[in-house]
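Working through the structure, step by step
The primary structure of each chain is shown beneath.
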Amino acid sequence: MAQSALEVLQEVFGYDSFRGSQHEIIETLIQGGDALVLMPTGGGKSLCYQIPALVRPGTGVVVSPLIALMQDQVDALTELGVNAAYLNSTQDWQTAREVEREFLTGQLDLLYVAPERLLTDRCLDLLARGQISLFAIDEAHCVSQWGHDFRPEYLGLDLLAQRWPGVPRVALTATATQLTRVEIAQRLKLEQARHFVASFDRPNICYRIIEKNEVRKQLLSFIQEEHAGDAGIVYCLSRSRVEDTAEFLCKNGIHALPYHAGLDAQQRAINQARFLREEGVVMVATIAFGMGVNKPDVRFVAHIDLPKSVEGYYQETGRAGRDGEAATAWLAYGLQDVVQLHRMINQSQGDAAHRRQQGQALDAMLGLCETISCRRQRLLAYFDQHIEPCGNCDTCLEAPQAWDGTVAAQKMLSTIYRLWRERGQRFGAGHLIDILLGKLTDRVKEHEHDKLTVFGVGKDLTDQAWRGVLRQLLAHSLVTVDPEGYGTLLLTEASREVLKGERTLMLRRETVTRGPAAHRVKG
Ligand code: ADP
Ligand code: ZN
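Report on the accompanying structure. Computed from a predicted structure; not experimentally measured.

**Focus: unusual backbone geometry**
Despite not being glycine, Lys189 has its phi angle at roughly 55 degrees, a positive value. Tracing the sequence through the fold places Lys189 in the loop between α9 (178–187) and β7 (194–197). Given the relative accessible area of 35%, Lys189 is considered partly exposed. Residue Ser477 is not a glycine yet carries a positive backbone phi of 55 degrees.

Structural data, given as structure tokens:
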């Protein structure tokens, strides 16, 4: 007689009880139903398909894009006495033959396959000749064309529904917006699947977002003052920034290693292994790093460039504190990030719909940065979850002050309007603020901008405060970046209401930024 799910949990995996909705998900699959599982990283997704694969007759086929991690997963299962194997391109022909034989003779409980491999005729034929207990599609958000992990091969996986209508399928992901969920269900033909959405709250992570000025020094102080000797991840947007930042941290006594797709595979593997095994390593990385990396005691995740979406940000920060102990998610961002990301979107390949979608994702991220209410509340609202103010984020711990920025916004918007009439010129944020502050720079003199009525009308605020105003105007879509010009700022439809005085604008007051701390910084 088959063992019960609870018996398998205890006897094979050595755990006492199920977490969250694991039990319900497992029973759904055991009874032959489909499931769509949304659970944060570290939530315990693997057991959701591993246990039903052991309880049901046949082999559980796991589709996973993470070839590099298949070996680890199979080793861990083998150690528990589970018969697991994988098929992927890193194997020699003979080993693959042996795995195929084990599958056909019914010896395997679990078989891990990369999607591109699964979709080959050879592999489909093989699967058709054996007995399959279930299909698990891991990292299912890779099917979403809008997401940053899109894998075209995932689009072919709807074929499993047609070829094996009687075999239960489960799709799993840590990405959680309503939109992604609908897209996964649709593209993978999981319309009948039961949805299981776990809570995405990670109460032990303290979220903090600060204004960027000298970001490397800010980062260094943050690590030295709050996380000395801790393991952490620092995310950067580009490879060169990864290199520079890792070098800077090393010079200043932090045990930092770089990771990005430009490093050769061997170097990446070495750095990742050191991050996992040694204590207190800080991995400086692009978003190429992290998916599937299971290190429970990462104490902080820092972003020194603005992430492109709330979903990406949430996933990346979710790699902190998987052991449940206190951890920090720290983000520094500034005006330049906003302008740069707008420009990247404008210049990106792809159709207008795609660009619009990216623009909306960026706006949501900016909304999170500029919010004057609880960060966690804002973050979880994005995933359709509603909570009370958390008490463990910067805005909860030290309430930001709001001020009536209507007049300041009007000054800024009219300056943009005046400059727009000289279009063809490239006037960026810096020049705009010089005009407001009444600075007689060469550029101002050359274009006679000291003759503008707005020249010097902004002396009541500091340069930093003006940057804050502009950033927030961008975040509220009251200013946009010219899709054609190089960082030129433009008014939007909505700015008219503010200019006409029909709309009051409450802005977040810039906190006085502390200078670099008393540490010596080598640069
Ligand atoms: P995910 O794939 O969702 O990121 P994992 O499946 O890797 O998460 O699980 C994260 C950790 O939690 C693993 O170390 C796993 O063994 C552990 N875990 C999962 N379920 C349970 C449970 N019911 N009881 C105790 N530990 C669990
Ligand atoms: Zn909060």
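Back to the text.
**A closer look at the coordination of the zinc ion (ligand 2)**
Coordination of the zinc ion (ligand 2) by the protein is provided by Cys374 (SG), Cys390 (SG), Cys393 (SG) and Cys396 (SG), with metal-donor distances spanning 2.3 to 2.4 Å. Each of the four donor atoms around the zinc ion (ligand 2) contributes to a set of angles spanning 102 to 118 degrees, which defines the coordination as tetrahedral. Mapping the donors of the zinc ion (ligand 2) onto the primary sequence yields the spacing C-x15-C-x2-C-x2-C. Of the two residues, Cys374 sits in the loop between α15 (352–370) and α16 (375–382) while Cys396 sits in helix α17 (residues 394–397), which places them 22 residues apart along the sequence.

**Looking at the environment of Ala494**
Position of Ala494 relative to the elements: it lies in the loop between β16 (489–491) and α22 (495–499). Classification of Ala494 by relative accessible area gives partly exposed; the value is 25%. Residues Ala494 and Ser477, 17 residues apart in the sequence, show an inter-C-alpha distance of 7.4 Å. If sequence neighbours within four positions are ignored, Ala494 has contacts with Ser477, Leu478 and Arg503.

**Structural notes on the site of ligand 1**
In the vicinity of ligand 1 lie 14 residues, with Tyr15, Ser17, Gly42, Lys45 and Ser46 positioned nearest. Ser46 is positioned with one of its side-chain polar atoms (N or O) 2.6 Å from an oxygen atom of ligand 1. Protein chains bury 74% of the 570 Å² of accessible surface belonging to ligand 1 in isolation. When its residues are assigned to classes, the shell around ligand 1 shows four nonpolar, seven polar and three charged.

**Some remarks on helix α21 (residues 463–475)**
With 13 residues, α21 ought to run about 18 Å at 1.5 Å a step, and its terminal C-alpha atoms sit 18 Å apart, in line with that. Counting buried residues in α21 gives 10 out of 13 residues, a clear majority hidden from the surface. Within α21 the residues assigned to the buried category are Ala465, Trp466, Gly468, Val469, Leu470, Arg471, Gln472, Leu473, Leu474 and Ala475. Count one or two residues on from α21 and you reach Ser477, which has phi positive near 55 degrees.

The rules behind the values
Residues numbered from 1 in each chain as written. Chains lettered and ligands numbered in written order. Predicted model: local features only at pLDDT ≥ 70, side-chain atom pairs only at ≥ 80, totals over all residues. Heavy atoms only, no water. Helix = DSSP H or I, 4+ residues; strand = E, 2+ residues; numbered from the N terminus. Buried < 20%, exposed > 50% of the residue type's maximum accessible area, 1.4 Å probe, protein only. Donors = N, O, S within 2.8 Å, 3.2 Å for Na, K, Ca; no water. Tetrahedral: all angles 85-135°; square planar, octahedral: opposite > 155°, others 65-115°. Contact = heavy atoms within 4.5 Å. Near = heavy atom within 4 Å. Polar contact = N/O pair within 3.5 Å; in protein donor to acceptor, adjacent residues only side chain to side chain. Areas by Shrake-Rupley, 256 points an atom, 1.4 Å probe, with all protein chains shown as cover. Nonpolar A, V, L, I, M, F, W, Y, C, P; charged D, E, K, R; others polar. Expected span 1.5 Å × (residues − 1).

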